[in-house]
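Examining the three-dimensional arrangement
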Amino acid sequence: MEKLYDSGKARAVGVSSFSCKKIEDLLAIARVPPAVNQVECHLIWQQDKLQKLCHSRGVHISVSLICLML
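All figures in this text were calculated on a predicted structure; none of them were measured in a lab. (Residues numbered from 1 in each chain as written. Predicted model: local features only at pLDDT ≥ 70, side-chain atom pairs only at ≥ 80, totals over all residues. Heavy atoms only, no water.)

Quick word on the overall build of the chain
Secondary structure summary: the chain contains 3 helices and 3 strands in total. Each helix (α) and strand (β) of the chain, taken in turn from the N terminus, gives the series α-β-α-β-α-β. Projected onto its principal axes, the C-alpha coordinates of the chain cover approximately 50 × 20 × 15 Å. Looking at the chain as a whole, 24% of its 70 residues are labelled buried. Counting contacts in the chain only where the partners sit at least 6 residues apart, residues at least 24 apart contribute 43% of the total. As displayed, the chain has an accessible area near 5400 Å², and 58% of this comes from carbon and sulfur atoms. In the chain, 9 side chains carry a positive charge and 6 a negative one; their mean positions are 5 Å apart. (Helix = DSSP H or I, 4+ residues; strand = E, 2+ residues; numbered from the N terminus. Buried < 20%, exposed > 50% of the residue type's maximum accessible area, 1.4 Å probe, protein only. Contact = heavy atoms within 4.5 Å. Areas by Shrake-Rupley, 256 points an atom, 1.4 Å probe, with all protein chains shown as cover. Lys, Arg positive; Asp, Glu negative; His and termini not counted. Charge placed at Lys NZ, Arg CZ, Asp CG, Glu CD.)

Below, the structure is given as structure tokens:
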């Protein structure tokens, strides 16, 4: 993906369903950091730690909302 980014064929790099550990590991080695992490989030599972980490490292969060039928 970094080669595509360098060539101008990709405007940004994104990831999906990355946990805090995966984001930290990626940021430690990536030359081009991800612009966005798409994750599942709902009232019961808000992933506060992941949201705070991404915010502090400049990675936007794109949320897939799951409607729960209770």
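There is more to say, and it comes next.
Some details on the UniProt feature "domain: NADP-dependent oxidoreductase" (unreviewed entry) in the chain
Under the UniProt annotation, the feature "domain: NADP-dependent oxidoreductase" (unreviewed entry) is placed at residues 1-61. Between the first and last C-alpha atoms of residues 1-61 the distance is 19 Å; the span itself is 43% helix and 18% strand. (UniProt positions renumbered as here; feature names shortened; annotations may be inferred.)

Concerning the state of the cysteines
Overall, the coordinates contain 0 disulfides when judged by the stated rule. Cysteine Cys20 is unpaired, with the sulfur of Cys54 as its nearest cysteine sulfur at 6.9 Å. Summary of cysteine pairing: Cys41 is not part of a disulfide, and the nearest cysteine sulfur, belonging to Cys54, is at 11 Å. What makes Cys41 buried here is its relative accessible area of 9%. (Disulfide = S-S within 2.5 Å.)

Topic: the sheet that holds strand 1 (residues 14-16)
In space, the 3 strands of this open sheet follow the order 1-2-3, with parallel pairing throughout. Lying at the two open borders of the sheet, with one neighbouring strand each, are strand 1 and strand 3 (60-65). Across the sheet, the axes of successive neighbouring strands diverge by a mean angle of 25°, strand direction being ignored. Where strand 2 (residues 36-41) meets strand 3, 6 bridges bridge the pair, whose relative direction is parallel. Paired with Gln38 across the strands is Ser62, a residue of strand 3. (Pairing = 2+ DSSP bridges. Axes fitted to C-alpha atoms, helices over the stretch in contact; angles between N-to-C directions.)

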